[in-house]
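What the coordinates show
Read off the chains here:
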Amino acid sequence: MKRSVVLVFTLLALAACKDDTPTATSETSESGISFTLITLPDHEDVSIHVAWPTDWAYRAETNKAAPLVGTELLLAGGAEGFPAGEVVERFADLNSEGSMYASANDHIIGELTFERGNLDETIEIANAHLRAPTLDETWLARITDGLAQNMAEAQAQPAHAGFDAVRWAVFGEAPLRNALSLDDPQTFEALTRQDIAVWHQETFTRNPEAIVVAGDINADAAAAAIDTLLDGLPDTRVSPTWETPIDFSPKRILLHQPGAEVTNLAFLALLPPTQEGGEFEDLILAHALGGDDQSALFEAVRTNLRASYAFGAGMSNYTRAHRLLFMTGEVEDEKLAEAETVVLDAYRAFRSGALSGELEDRKAPLEANLSDLAEFVVDQARSELQSALDGLPVGRSLQLTDELAAVTDSSIMARLENDFPQPEDFIVIAVSPDADALPGACVIQEPREAASCP
């Protein structure tokens, strides 16, 4: 099933025909549920995205695997009138798609995409699984075992173990740490159907934080679909407490893994959250720092270490309020200490100098992605929903091209100077088979020991 439709009108006709221009409006359903409608003319598909707030990850008494398992079980484990596993096959028959996932530990997001002609049945199925899920025990065990195995395999990788150690250093025993790492062996073993049931009951209400509908659908039909989708859910309002102890003071840590076949080195520091702006500047800077074989880190490692491996950079989120810049890569163990110096020197030079090349060339890949956004109902709705959760104006996802156009060399350098971390702000984490490979570092044997590193 195609989730995009190739426009058959010429650009001239598109500009001249106002009715073919995507629009964004704030709407309210008959039952009083607010949502954003992104009208995308000539699309065969409609996509509904809903974000429910949650602080499950922040609380000590909750099983942190419940959202991970629950988001899969809710759709696969059956519902009132629907045997377990049936929804997958029925959605395939309808050319409908449904998914659910946790977003930055602060929201559970549900996405539902369907052809307009299959709206009624798709919404009926989704409502049943939201309102009265069976939470089948067999499917619960199957999903839990699979996710537990995946986590165990990931935790055996040096890079993953290093990031787990950083989370111990940053959060210590705070509940959010295990929600991020899921490394407590009891987390999956102790998970029960009752945990999932409690999580479901408190999370899914008729009062989400944000809803976006995108596609060629009018406001009345979209409103009716939302009322049906959320019908029968509790009419309660969740007031999450998104607070956690956090310590991002700089540290140098070496996780000693004698059996590690590769040595991994990473640097992590905080960036401002996206709700404060500067998102396009950040994307351009992160790519210039470590996004490809022309980046500052790639060139520095290849030139100064004469290495054949790559070192990259990117951004991630612990929560919506705690956003990270990271630099990471595999290095030769005997060059670990030298690699630390080379990477930090490269970052220092990057932070104090202008970007090489033309700004328009750096914007071009972003412009290409944005120009296609309205052709994909899922991507358009997803972008608008994230903007809504950041408290940004309705219709921001339709203005991203203008937002990117406003980025200048001056705004990029101001962002780099004022908001990117100093070289001395990073937590440095190395995973090595040699306990002496990073002189002066706090040497630990297990990730949890990082909580005690000075």
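Quick caveat: nothing in here was measured; it's all calculated off a predicted structure.

With respect to the state of the cysteines
Under the counting rule described, the total for this entry stands at 1 disulfide. What pairs with Cys442 in a disulfide is Cys453, and their sulfur atoms sit 2.1 Å apart. Sign of the S-S torsion, about -75° for the bond between Cys442 and Cys453, identifies this disulfide as left-handed. You can see Cys442 sitting in strand E12 (residues 442–444) and its partner Cys453 sitting in the segment after E12, a full 11 residues away along the chain.

With respect to unusual backbone geometry
Of note in the backbone geometry, Asn95 takes a positive phi value of approximately 60° without being a glycine. If you trace the backbone, Asn95 turns up in the loop between helix H3 (86–94) and strand E4 (97–103). Judged by its relative accessible area of 31%, Asn95 falls in the partly exposed class. Positive phi values are uncommon outside glycine, yet Asn105 reaches one of about 65°. Position of Asn105 relative to the elements: it lies in the loop between E4 and strand E5 (107–115). On the basis of relative accessible area, Asn105 is assigned to the buried category, the value being 18%.

Remarks on the packing of aromatic side chains
Overall, the coordinates contain 7 aromatic pairs when judged by the stated rule. Aromatic pair Phe171 and Tyr318: ring centres 5.2 Å apart, planes at 65°, arrangement edge-to-face. Separated by 147 residues along the polypeptide, Phe171 in helix H6 (residues 158–171) and Tyr318 in the loop between strand E9 (311–317) and strand E10 (323–331) bring together distant segments of the chain. Of the residues examined, Phe171 reaches a relative accessible area of 4% and is grouped as buried. Tyr318 sits in the buried class, given a relative accessible area of 4%.

Notes on the domain arrangement of the protein
A common way to report how large an interface is uses the accessible area buried once the components associate. Domain annotation of the protein identifies domain 1 (21–229) and domain 2 (252–452). Of note, the centres of domain 1 and domain 2, computed from C-alpha atoms alone, are 28 Å apart. The partner domain 2 presents 38 residues to the 46 residues of domain 1 that form the contact. Where domain 1 touches domain 2, the interface holds 2 salt bridges. Here Glu173 ties to Arg448 by a salt bridge, and the two come within 3.4 Å at their closest N and O atoms. Taken together, the connections running from domain 1 to domain 2 amount to 5 residue pairs in polar contact (both at pLDDT 80 or more). Of all the secondary structure elements, the ones that give two or more residues to the side of domain 1 that touches domain 2 are strand E1 (23–28), strand E2 (34–39), strand E3 (45–53), E4, E5, H6, helix H7 (175–181) and strand E6 (210–215). Looking at which element gives the most residues to the side of domain 1 that touches domain 2, the answer is H6, with 13 residues.

Some thoughts on the layout of surface pockets
Of the pockets and cavities examined, the largest pocket occupies roughly 750 Å³. The wall of the largest pocket is formed by 22 residues, among which Thr274, Glu279, Leu283, Gln386 and Arg396 lie closest to the centre. Those elements giving two or more residues to the lining of the largest pocket turn out to be helix H11 (279–290), E9, helix H14 (359–371) and helix H15 (377–389). Here the lining of the largest pocket gets 4 residues from one element, more than from any other, and that element is H15. Residue classes in the lining of the largest pocket are distributed as 8 nonpolar, 8 polar and 6 charged.

Brief notes about the pairing of strand E11 (residues 427–432)
Residues in a regular strand project their side chains so that they alternate between the two faces of the sheet. Within E11, 6 of the 6 residues are buried, leaving the element largely enclosed by the surrounding structure. Burial of E11 is two-sided: the residues Ile427, Ile429 and Val431 facing one way and the residues Val428, Ala430 and Ser432 facing the other way are all buried. Looking at chain direction, strand E7 (residues 252–256) and E11 are connected through 5 bridges and run parallel. Bridge pairing in E11 places Leu254 opposite Ala430.

Quick notes on the rules
Residues numbered from 1 in each chain as written. Predicted model: local features only at pLDDT ≥ 70, side-chain atom pairs only at ≥ 80, totals over all residues. Heavy atoms only, no water. Disulfide = S-S within 2.5 Å. Helix = DSSP H or I, 4+ residues; strand = E, 2+ residues; numbered from the N terminus. Buried < 20%, exposed > 50% of the residue type's maximum accessible area, 1.4 Å probe, protein only. Phe/Tyr/Trp six-rings, centres within 6.5 Å; stacked < 30°, edge-to-face > 60°. Domains from an automatic or database assignment. Contact = heavy atoms within 4.5 Å. Salt bridge = Lys/Arg side-chain N within 4 Å of Asp/Glu carboxyl O. Polar contact = N/O pair within 3.5 Å; in protein donor to acceptor, adjacent residues only side chain to side chain. 1 Å grid on protein atoms, 1.4 Å probe; cavity = no way out; pocket = protein on both sides within 12 Å on 5 of 7 lines; lining within 4 Å. Points joined across faces, edges and corners; volume = space filled by probe spheres on them. Nonpolar A, V, L, I, M, F, W, Y, C, P; charged D, E, K, R; others polar. Pairing = 2+ DSSP bridges.

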